[in-house]
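Examining the three-dimensional arrangement
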Amino acid sequence: MSERILKVRDVRKCFGGLVALSGVSMDVEKNTLTILIGPNGSGKTTLINLVTGVYKPDGGGIFFDGTDITGLPSHEIFKLGISRTFQIPQPFRKLTVLENLLTVYPGNPGEGFASALKRSEWRKFEEKAVEKAFELLKFLRLDHLWDQEAEKLSGGQLKLLEVGRALMADTKLLIMDEPIAGVNPVLAHEIFKTLRKLKDEKNLTILIVEHRLDIALRYVDYVYVMAAGSMIASGKPEEVVSDRRVIDAYLGG
Ligand SMILES: Nc1ncnc2c1ncn2[C@@H]1O[C@H](COP(=O)(O)OP(=O)(O)OP(=O)(O)O)[C@@H](O)[C@H]1O
Ligand SMILES: [Mg+2]
């Protein structure tokens, strides 16, 4: 039985006089790799920004895992289990790869609790966190880079580091904006293979925005297509690429 983890219902968003989203709906099924495509400026990033609480919608509703998250601030949405990566990766560049993961470990005692905790408890926390971080880094094949500063990583490695940060935070839905933009084809395929493996082995649901369909479409389960602030089509990859509206709006002739 399929189960929807994310439901977007008729959301609208304006920026001044510009209608960026004019009533958009979308469902993401649990444990799928879903892709959102569409021409530049069609509203893909705006839709993600609404789902992750960066912006509040002007109308409509967003539901995650049975909870109404419409208009919630982004840290609340993150706590419920939605993580995102950005068109431009935003890790802490001066921290090492390992440190980048440790900063997002759930239950991280943080500054407020730090002084109250006994040293032995800290150590227990650290051991568990480090163990989990290394397991993820191995999975992402970044373990050999664990003590490198993030700024030394290649573009593709940074994307993987962002995935690692999301997984460290026990995310249920990972949303990625253009994960293979500017990444060489070999590594781009690697990233998509890793995403599929994550989906299968870590029970993750993944929603991706991506322009490079030649690479992406073969790895995804389901496709949504936007144009000019509306959802114009959806379906399995093979259905969508032969849809006349999609060809006219996006794929070209
Ligand atoms: N913060 C903002 N302020 C004003 N206009 C915005 C803002 N964010 C997006 N827009 C406008 O909303 C429309 C949709 O933009 P959006 O970034 O969502 O498109 P996109 O589909 O992600 O495009 P791309 O493929 O180029 O990333 C565009 O016309 C854009 O200029
Ligand atoms: Mg965008």
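See the structure shown above.
Quick notes on the rules
- Every chain is numbered independently, its residues counted from 1 as its sequence is written.
- To label them, take the chains in the order written and letter them from A, then take the ligands in the order written and number them from 1.
- Totals for whole chains, interfaces and linings use every residue, but because this is a predicted model, local features are given only for residues with pLDDT of at least 70 and side-chain atom pairs only at 80 or more, for both listing and counting.
- Where side-chain values are given, they derive from all heavy atoms of the structure, hydrogens and water being excluded.
- At least two DSSP bridges between two strands are required for those strands to pair.
- Comment: elements are numbered from the N terminus, with helices defined as DSSP H or I runs of at least four residues and strands as E runs of at least two.
- Here, residues are in contact when the closest pair of their heavy atoms is within 4.5 Å.
- Convention adopted: a line fitted to C-alpha atoms gives each axis, helices being fitted over their contacting stretch, and angles between N-to-C directions are expressed from 0 to 180 degrees.
- To estimate the expected span of a helix, subtract one from its residue number and multiply by 1.5 Å.
- Exposed residues in this analysis have more than 50% of their type's maximum accessible area, buried residues have under 20%, and partly exposed residues fall in between, with area computed by a 1.4 Å probe over protein chains only.
- For the purposes of these results, a polar contact is taken to be a pair of N or O atoms within 3.5 Å, where, inside protein, one atom must be able to donate a hydrogen and its partner to accept one; residues adjacent in sequence count only when each atom of the pair is a side-chain atom.
- Grouping buried Ala, Val, Leu, Ile, Met, Phe, Trp, Tyr and Cys residues that are joined through side-chain atoms within 4.5 Å yields what is termed a nonpolar core.
- Where each domain starts and ends follows an automatic or database-derived domain assignment.

Side note on the sheet that holds strand E4 (residues 59–64)
Read across the open sheet, the 4 strands follow the order E2-E1-E4-E5; overall the sheet is antiparallel. With partners counted over all chains shown, the strands left at the sheet margins are strand E2 (18–29) and strand E5 (67–68), one partner each. As paired elements, strand E1 (residues 4–15) and E4 share 5 bridges and run antiparallel to each other. What sits directly across from valine 8, in E4, is isoleucine 62. The sheet contacts of helix H1 (residues 44–51) involve E1, E2 and E4, and relative to E1 the element is tilted by about 115°.

Considerations on helix H7 (residues 185–201)
In an α-helix, one full turn covers 3.6 residues, which means residues spaced three or four apart are oriented alike. Here H7 is 17 residues long and its end C-alpha atoms lie 24 Å apart, about the 24 Å a rise of 1.5 Å per residue gives. Among all positions of H7, only Ala188, His189, Ile191, Phe192, Thr194, Leu195, Leu198 and Lys199 are buried. The opening residue of H7 is asparagine 184, an N-cap whose side-chain oxygen sits 3.0 Å from the backbone nitrogen of valine 186. Two residues or fewer after H7 comes asparagine 203, characterised by a positive phi angle close to 55°.

Remarks on the nonpolar core
In this structure, Ile35, Phe192 and Leu195 are the most contacted members of the largest nonpolar core, which totals 50 residues. Tallying contributions element by element places helix H6 (residues 155–168) first for this core, with 7 residues. Counting contributing residues, this core receives three or more from each of domain 1 (1–81 + 172–253) and domain 2 (91–169). When near neighbours in sequence (up to four residues on either side) are disregarded, isoleucine 35 contacts Ile208, Glu210, Leu213, Ala216, Leu217, Val220, Tyr222, Val223 and Tyr224. Core analysis: the next-biggest nonpolar cluster, separate from the first, contains 24 residues, Leu21, Leu50, Ile77 and Tyr224 among them.

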